[in-house]
Amino acid sequence: MNAPNSSGWRPEMTSGEAGLAPTSSGDRALALEEALIFELAAPGTTGVDFDHEDEGPMPELAGILRPSPPALPGLSEPEAVRHYTRLSRQNYAIDLGPFPLGSCTMKHNPRLNEKVARMPGFADIHPLQPVETVPGALAVINQLAHWLIALTGMHGVAMTPKAGAHGELCGILCIKAALEARGDPRGVILVPESAHGTNPATAGFAGFAVENIPATADGRVDLAALTARLGPDIAGVMITNPNTCGLFERDMKAICDAVHGAGGYVYCDGANFNAIVGKVRPGDLGIDAMHINLHKTFSTPHGGGGPGSGPVVLSEALSPFGPIPFTARYEDGSIRLIEEEDAGAEHPQTIGRMAAFHGQMGMFTRALTYILSHGADGLRQVAEDAVLNANYVLRSLDDVLEAPFGGAGPCMHEALFSDAGMANGFSTLDIAKGLIDEGFHPMTVYFPLVVHGAMLVEPTETESKAGLDRFIASLRHVVERARAGDATLKSAPHFAPRRRLDETLAARRPRLVWRGDAEAV
Ligand SMILES: *Cc1c(COP(=O)(O)O)cnc(C)c1O
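This one's a predicted model, so the numbers in the text were calculated from it and none came from an experiment.

Participant: Tell me about the overall build of the protein chain, and name the residues and values.
Facilitator: Along the protein chain, the regular secondary structure elements total 16 helices and 12 strands. By its C-alpha atoms, the protein chain is 75 × 70 × 45 Å across when sized along the principal axes. Per-residue burial for the protein chain yields a buried fraction of 48% across its 521 residues. Residue pairs in contact within the protein chain that sit at least 24 positions apart in sequence constitute 70% of those at least 6 positions apart. Working note: accessible area of the protein chain is about 24,600 Å², and carbon and sulfur atoms make up 57% of it. Looking at charge distribution, the protein chain has the averaged site of its 41 positive side-chain charges lying 4 Å from that of its 61 negative ones.

Structural data, given as structure tokens:
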């Protein structure tokens, strides 16, 4: 990498292009190069009009002041704004193109959601406002809770968990509480090999031992192996359905019956609910607890790590243990919210709170807007189109890419390929990097772990056929370059703002602070 020049830019983007002189700025028209913020900083520069230094700090602050200034980059406000805006233009986003990340359900976020979430009555309320002043917000939460109970056929829902993994913890803690309530010391949770890493992590965090359940040759839970392992030490199972190989667990009802028969509970990882929403009600399958990633199934933006929202639906058996606030179906058929102050009388076995206040209000408004604008029929269509799109990708590429479970029939919402038989020593990583040069965000790679060199493509229902055809053509082109032994693919990407990184070094020795010319620490 070139050293920054005097103005801070790294003119590497223009180097190496035959016949063209590099630009002096390092920029190429709207392809903007950008240095690290520490390289742009000038000592003493600030965007804030502080009191003059020689007036000294306020006497009451003496004793808590730092002995030396923090190593923050000094930039004026316009410099800071431009830095982040320039960087944002090097970023890929769902509003620029498809995000085919398997397991993540990166669908288009309708602008209507944003409009509703930004309405002052929702956006400007404070969690400590008197309840009488926020009936509308509570009605939104309640209406969404009704929809989630109806769509899943479950008994109650906890709206507070802040993400899928947090919802898993909530559900598993409810299972633990149910076992404790009956004085049953079961301590093992069974998890399939193909599970998302959060599943065993959650069970372990909640104090359970985790054991793997093997898969069958067609990528599904081995029912015979599972049944054979059931016994008085098994607290429950955590099963993702549709699973992370993109397949529907056809034996789910038999699994639930077997686990219940042996005294355990069934947790379903519902992150893939997008594929079955409006088609299958998890409650009808016998599931006891399931989180719903509002930020996947019901749109809402979730690039860059959040915010998310992971409400948990519970069966009648587990509902008494649901966290507060909790929304449940009552004997008279009504569905009502139980608040903390009523828990002692109405919900005495609750595990307590999973989060302060009511949860992620902005996600609730977006998810409910999405649900109401689609309607029940539209949600069913979402699932059908997601499955259709994934099968279109699967069948359009299974002549050039190995599809490990392609012979087992149609997939659900995501198409799974592997690097088996990849020619000339090329790997999944090379294919993913080649896709970056094609202008696409790569698919999920090397997950699920049960498939060697996995490539998991989830197109979602919001991509058109023309859009899918462009993606398929690009992926096919990259695979054909590998087949033809095109060595340049080994060092792709070539057209991205940065070349291929040493990912191990980047993870192990991140450069977090820049101190002038000194070695980074
Ligand atoms: C996304 C996902 C999770 C975790 O959800 P977060 O909201 O990221 O915590 C769990 N399981 C599966 C299968 C997922 O795809």
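Participant: Explain the confidence of the model for the protein chain to me, using residue names and the numbers behind them.
Facilitator: Here the protein chain averages 91 in pLDDT, and 93% of its residues register 70 or above. In this model residues 1–16 is a low-confidence stretch, pLDDT under 50, and it forms 40 contacts with partners more than four residues away in sequence or in other chains. Between residues 516–521, whose pLDDT stays under 50, and residues either more than four places distant or in other chains, the model counts seven contacts.

Participant: Go over the sheet that holds strand β5 (residues 265–269), please, and point to the residues and values.
Facilitator: Hydrogen bonds along the backbone pair up the strands of a sheet, which may run parallel or antiparallel. The mixed open sheet is built from nine strands, whose spatial order is β3-β2-β4-β5-β6-β7-β1-β8-β9. Edge strands, defined here as strands with exactly one partner in the open sheet, are β3 (209–213) and β9 (335–338). Looking at each pair of strands side by side, their axes are set apart by 20° on average, direction ignored. Two elements, strand β1 (residues 156–158) and strand β8 (residues 326–329), share two bridges in a ladder whose sense is antiparallel. In the sheet register, V157 faces β8, and the bridge partner there is T327. Each of β4 (234–240) and β5 touches helix α9 (residues 252–261); the most contacted strand, β5, lies at about 145° to it.

Participant: Account for the pattern of salt bridges, naming residues and giving values.
Facilitator: Under the defined criterion, the tally for this structure stands at 23 salt bridges. We note a salt bridge from D398 to R395, for which the minimum N-O separation is 2.9 Å.

Participant: I'd like a rundown of the nonpolar core, residues and numbers included.
Facilitator: Counting residues in hydrophobic clusters, the biggest one holds 52 residues, and the most contacted among them are L144, L148, I287 and F298. Among the secondary structure elements, those contributing two or more residues to this core are α5 (135–152), β2 (188–192), β4, α9, β5 and α13 (361–397). Looking at this core, you find at least three residues from each of domain 2 (114–123 + 135–366) and domain 3 (381–507). For I287, the contacting residues outside a window of four places in its chain are M154, M252, C256, V266, C268, P282 and S315.

Participant: Explain helix α15 (residues 465–483) to me, and be specific about the residues and the numbers.
Facilitator: In an α-helix, one turn spans 3.6 residues, which is why side chains three or four residues apart end up on the same side. Taking 1.5 Å per residue as the helical rise, α15 with its 19 residues ought to reach 27 Å, and the 26 Å between its terminal C-alpha atoms agrees with that figure. All of the buried residues in α15 are G467, L468, F471, I472, S474, L475, V478, V479, R481 and A482. Those residues of α15 that are buried are in contact with α13, α14 (428–437) and β12 (455–457). G485 lies just past α15 and shows a positive phi near 75°.

Participant: Go over the pairing of β9, please, and point to the residues and values.
Facilitator: Of the pairings in the sheet, the one linking β8 to β9 comprises four bridges and is antiparallel in character. Bridging from a neighbouring strand, A328 pairs with R336 of β9. From the end of β8 to the start of β9, which pair antiparallel, there are five residues, and G333 there has a positive phi angle of about 90°.

Participant: Give me the lowdown on the packing of aromatic side chains, citing residues and values where you can.
Facilitator: Following the criterion strictly, the structure yields three aromatic pairs and no others. Centre to centre, the rings of F298 and Y370 are 6.3 Å apart; their planes meet at 65°, and the pair counts as edge-to-face. Of this pair, F298 sits in the loop between α11 (294–297) and β7 (312–314) while Y370 sits in helix α13, and the two are 72 residues apart along the sequence. According to the relative accessible area criterion, F298 is buried, its value standing at 1%. Taking relative accessible area as the criterion, Y370 reaches 3% and is therefore assigned buried. The ring of F208 has K176 sitting right over it, with the charged end atom 5.6 Å from the ring centre. One residue, R336, lies across the ring of Y330, its end atom 3.8 Å from the ring centre.

Participant: For the sheet that holds strand β10 (residues 415–417), give the residues involved together with the corresponding values.
Facilitator: If you trace the three strands from one edge of the open sheet to the other, you get β10-β12-β11, paired in antiparallel fashion. Every other strand in the sheet has two partners, leaving β10 and β11 (444–445) as the edge strands with one partner each. Of the strand pairs in this sheet, β10 and β12 are connected by three bridges, and their pairing is antiparallel. Bridged to A415 within β12 is V457.

The rules behind these values
- Residues numbered from 1 in each chain as written.
- Predicted model: local features only at pLDDT ≥ 70, side-chain atom pairs only at ≥ 80, totals over all residues.
- Heavy atoms only, no water.
- Helix = DSSP H or I, 4+ residues; strand = E, 2+ residues; numbered from the N terminus.
- Buried < 20%, exposed > 50% of the residue type's maximum accessible area, 1.4 Å probe, protein only.
- Contact = heavy atoms within 4.5 Å.
- Areas by Shrake-Rupley, 256 points an atom, 1.4 Å probe, with all protein chains shown as cover.
- Lys, Arg positive; Asp, Glu negative; His and termini not counted.
- Charge placed at Lys NZ, Arg CZ, Asp CG, Glu CD.
- pLDDT = per-residue confidence, 0-100.
- Pairing = 2+ DSSP bridges.
- Axes fitted to C-alpha atoms, helices over the stretch in contact; angles between N-to-C directions.
- Salt bridge = Lys/Arg side-chain N within 4 Å of Asp/Glu carboxyl O.
- Core = buried A, V, L, I, M, F, W, Y, C linked by side-chain atoms within 4.5 Å.
- Domains from an automatic or database assignment.
- Expected span 1.5 Å × (residues − 1).
- Phe/Tyr/Trp six-rings, centres within 6.5 Å; stacked < 30°, edge-to-face > 60°.
- Lys NZ or Arg CZ within 6 Å of the ring centre and 35° of its normal.

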